[in-house]
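Results of the structural survey
The chain contents come next:
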Amino acid sequence: MQQKWQRWNIASRKWLWIIVIIGVLAALPVVYDRLQTEKSSKTVEFVFDYRDLVEVASYRSNPKDYISDQLDRLKDAGVQSMAIYESTLEDYRKARRLMLWGAADIANLTDTVIPENENYTYVLFTSADNSDALSSMIREAFSGLDIGTEDWSFRGQQGLIIKTPIEDATMKPLQPDPMTLDMLHGKGFNIVPRLVDSLKYNQEAVQKLLDRYEELGVKRILFEGESVKGYNDDADLKSLDAFGKLMKERGMGIAAIENIKAQQKGFNKLAYELDYNVARLYSLSEKDSGLSPEIIADRFALATKDRNIRMIYLNTIPARNTAKAQVTDTLDNLITSLSDPGGAVDKIEDNGFTLGQATAFEVVDSSYQRYFKLGAVIGAVSMVALLVSFFIPWLTLPAWVLGLLGSAGLLVVKPQLFEQALALAVAISAPTVATVMAIRKINEQGPPLRTNKLTYTVMSPKRRLVHSLVLYVKTALISLSAVPFVIALLNNITYSLVLNQFRGVSLLHLAPIALTALYVLLYRGEFTFNKTGQLLRTPITLIMVIAAGVLAIMGWYYLTRTGNSGSVSPLEMTLRTFLENTVNIRPRNKEFLLAHPLFILGAFMAYKYRNAAFIMIIAVIGQLSMVDTFAHIHSPVLISLIRGLLGLGIGLIIGLIAVGVWQIAEGCWKRWSPLLKK
């Protein structure tokens, strides 16, 4: 009975492969929907931080003229929008709309004694126009905070007394400068407001603010701080729902900032309320704004092409330059990076984008997509069961049945966990199965387990190379079969916007290596527990310790290169830039420089030398890396596909060169090694 059960499980592989193929075909329409979604947003928006411009201008002889001149230059360079913060009294002071004093300062200014029981803020407007534009707005804002105000004048200029200390008054957020808004709108800039959530949510005030923004043509809002507008009062006032409704009625969306330490609180809920009217934003920091124009231009082009970035946020900062004995900034550098021939604007337009207000993706979700996804789920579970069959054959059918039942249960209880867990499982399974099948094929056609069999004839180098190349293509196709499953399972706009992320990247990068190593060590002959015991009883030698140390260092370096935070050496950066400028889309270095050539060389050698199959433990990195590329859901599918195919193509060329070098080295060794022995 046990033998019969074993035969049933092994025979089930054929049917599992058929189900996998059907699952891949079922997933392809979902992949097509994803492609259509990615084509729906092709507009890139450059946004400049206006507060930074005011800060820089405050160090110039004629700040107002300087701001006007730089705005014109930025407009000509391709910047279409200005980010405007909710202002503070300090912002108005820097913009020279008003002057500020505390109680002690005003006593000195007016030659009077400081009041014993009054610690107020004194505001003096710098012109009648500024008084007309700002006075009532400041009064209204502080009145809403239960802080009193009264009129005040000094030397013929109008002002206000705000009945709170200057340290407190300058922290309160106020409406953006209306004169600045009108000026920027008149110059043709779009406005991108930056809102804070520091005060109690006031629906009436927010509605009034959004009405003003609607008049200015605002289409997207950014948030400043740890949370979105309305988050802190949402539990009591349902303010996120109310704020989202106001924005939705006015056709406004929000922007998701890339690579912030933690997503702003309430962002996901607000995005849901807005039907995911969200654009991804890349922010160039003040520090990085001083990089060379070429590097900045490359960053912007890669962000828009490779990561679905549709808004690029520019910052600058004044700095004391002792070499020039003056205060400098990076505005000239930024403008050069944008407008020079071959700069960011040219690169972005060459990649098929246009400049304008960023738009959200229009999600394409065909009516039959749920049924196609069901087929993909069954196919993905079948691939996982195939992986089990190569290590524990008698568990093949139970693994498939339990996989289907577990998927159904998890889908009902925690659908998000289900799709991420199954996507990770199939992403691990496909490259592992592909590599294990390659090793099994080499075992069948290569040298036998017992080398005393005189009937075995080594293949000719030409035949070994042909077999290796065929195996290379077959293995890549099996590995890539996981891609439609991963895309179908994670085909949700929240993954494209990185509001949700594919989990388990480190496990994906380690599990196929560990499983392949396990197979090479224990499963290449007839598996018995005696073999395991023999391996455990093997004496440890110094060479083993050294080898383990080298492998540990390689593993550590490999893990540091995994994920978005991985470090990159200057040599690799140079190579990346060269490939980007040469073929426009760069393949992954570890694929075409290491893993793919090692697969071809390892297979070529293993057809003659049995132990060369150990090279496949490293070669599996290329297979898992191809799948991992598509697990970056914020990258366009076509870009990931081209990247993988380029890696395979260049890896093939380098692999053929490696085989040629090995043949020459082997020939030299055979010819000269007898002389060395003498």
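About the thresholds
Residues numbered from 1 in each chain as written. Predicted model: local features only at pLDDT ≥ 70, side-chain atom pairs only at ≥ 80, totals over all residues. Heavy atoms only, no water. Phe/Tyr/Trp six-rings, centres within 6.5 Å; stacked < 30°, edge-to-face > 60°. Helix = DSSP H or I, 4+ residues; strand = E, 2+ residues; numbered from the N terminus. Buried < 20%, exposed > 50% of the residue type's maximum accessible area, 1.4 Å probe, protein only. Lys NZ or Arg CZ within 6 Å of the ring centre and 35° of its normal. Salt bridge = Lys/Arg side-chain N within 4 Å of Asp/Glu carboxyl O. Expected span 1.5 Å × (residues − 1). 1 Å grid on protein atoms, 1.4 Å probe; cavity = no way out; pocket = protein on both sides within 12 Å on 5 of 7 lines; lining within 4 Å. Points joined across faces, edges and corners; volume = space filled by probe spheres on them. Nonpolar A, V, L, I, M, F, W, Y, C, P; charged D, E, K, R; others polar. Axes fitted to C-alpha atoms, helices over the stretch in contact; angles between N-to-C directions. Parallel < 35°, antiparallel > 145°, perpendicular 65-115°, else oblique. Left-handed = near helix turned anticlockwise from the far one by under 90°. Contact = heavy atoms within 4.5 Å. Pairing = 2+ DSSP bridges.

Overall, the coordinates contain 14 aromatic pairs when judged by the stated rule. Taking the centre distance of 5.9 Å and the plane angle of 80° together, the rings of Phe391 and Tyr519 count as edge-to-face. Of the two residues, Phe391 is situated in helix 16 (residues 369-391) and Tyr519 in helix 22 (residues 505-522); the sequence distance between them amounts to 128 residues. Assessed through its relative accessible area of 12%, Phe391 is described here as buried. With a relative accessible area of 3%, Tyr519 lands in the buried category. An aromatic cluster of three or more residues is present, and its members are Trp101, Tyr122, Trp152 and Phe154. Positioned over the ring face of Phe604 is Arg464, at 4.2 Å from the centre of the ring.

A complete count under the given rule lists 28 salt bridges for this structure. A salt bridge links Lys347 to Asp298; the shortest N-O distance between them is 3.3 Å. With Lys347 in helix 15 (residues 344-350) and Asp298 in helix 13 (residues 293-306), this residue pair connects regions lying 49 residues apart in the sequence. Under the relative-accessibility criterion, Lys347 is labelled partly exposed at 23%. The exposure class of Asp298 is buried, given its relative accessible area of 19%. Here Glu666 and Lys608 are joined by a salt bridge, their closest N and O atoms 3.1 Å apart. Of this pair, Glu666 sits in helix 28 (residues 637-677) while Lys608 is found in the loop between helix 26 (589-606) and helix 27 (616-631), placing the two residues 58 residues apart along the sequence.

The first and last C-alpha atoms of helix 13 sit 20 Å apart over 14 residues, in line with the 20 Å expected at 1.5 Å per residue. Taken together, the buried positions of helix 13 are Ile296, Ala297, Asp298, Phe300, Ala301, Ala303, Thr304, Lys305 and Asp306. Within two residues after helix 13, Asn308 carries a phi angle of roughly 55°, on the positive side.

Below, the discussion takes up unusual backbone geometry. Unlike most non-glycine residues, Asp146 shows phi in positive territory, near 60°. Of note, Asp146 is situated in the loop between helix 6 (128-143) and strand 5 (149-154). Asp146 sits in the exposed class, given a relative accessible area of 73%. Although it is not a glycine, Arg155 sits at a positive phi angle of roughly 55°. As for its position among the elements, Arg155 is in the loop between strand 5 and strand 6 (157-162). When its relative accessible area of 71% is taken as the criterion, Arg155 is described as exposed.

To continue, consider empty space enclosed by the protein. Summed over all chains, the structure comprises two cavities of 30 Å³ or more. Lining the largest cavity are 14 residues, and of these Tyr50, Arg51, Val54, Ser87 and Asp91 sit closest to its centre. Elements with a minimum of two residues in the lining of the largest cavity: helix 2 (50-57), strand 2 (81-85), helix 4 (89-94) and helix 8 (178-186). Among the residues forming the lining of the largest cavity, the class breakdown is nine nonpolar, two polar and three charged. Put simply, the second largest cavity is a space of about 40 Å³. The wall of the second largest cavity is formed by Glu45, Ile191, Val192, Lys219, Arg220, Gln357 and Ala358. Considering only residue class, the lining of the second largest cavity consists of three nonpolar, one polar and three charged.

Our next topic: the packing of helix 18 (residues 415-445) against helix 19 (residues 461-480). Relative to each other, helix 18 and helix 19 sit at 155°, their axes nearing to 8 Å. Relative to helix 19, the element helix 18 is oriented roughly antiparallel. Crossing of helix 18 over helix 19 shows right-handed handedness. Listed contacts from helix 19 to Ala430, Pro431, Ala434, Thr435, Met437, Ala438, Lys441, Ile442 and Gln445 of helix 18 are His467, Leu471, Thr475, Ile478 and Ser479.

Turning our eyes to something else, we now look at the environment of Ser479. With respect to the secondary-structure elements, Ser479 resides in helix 19. Under the relative-accessibility criterion, Ser479 is labelled buried at 0%. Other than its neighbours up to four places away in sequence, Ser479 contacts Ala430, Pro431, Ala434, Gln623, Met626 and Val627.

By way of backbone hydrogen bonds, the strands of a sheet pair with one another, either parallel or antiparallel. Ordered by their spatial adjacency, four strands build an open sheet running 3-4-6-5, and the pairing between neighbours is antiparallel. At either end of the open sheet lies a strand with only one pairing partner, and these are strand 3 (98-101) and strand 5. When strand polarity is set aside, the average angle formed by the axes of neighbouring strands in this sheet is 25°. Relative to strand 4 (residues 121-125), strand 3 runs antiparallel, the two sharing four bridges. If you follow Leu100 over to strand 4, its bridge partner there is Val123. Across the sheet, helix 5 (residues 103-110) touches strand 3, strand 4 and strand 5, and the angle it forms with strand 3 is around 105°. Lying over the sheet, helix 6 contacts strand 3, strand 4, strand 5 and strand 6, oriented at roughly 10° with respect to strand 6.

Looking now at the packing of helix 19 against helix 26. Contact geometry of helix 19 with helix 26 gives a least axis separation of 8 Å together with a crossing angle of 135°. Between helix 19 and helix 26, the interaxial angle falls into the category oblique. Between helix 19 and helix 26 the crossing geometry is right-handed. Between helix 19 and helix 26, the residues in contact are Pro461, Arg464, Leu465, Ser468, Leu469, Leu471, Tyr472 and Thr475 and His596, Phe599, Ile600, Ala603, Phe604 and Met605, respectively.

Note that Gln623 resides in helix 27. Beyond its immediate stretch of four places on either side in the chain, Gln623 contacts Pro431, Thr435, Thr475, Ala476, Ser479, His596 and Phe599.

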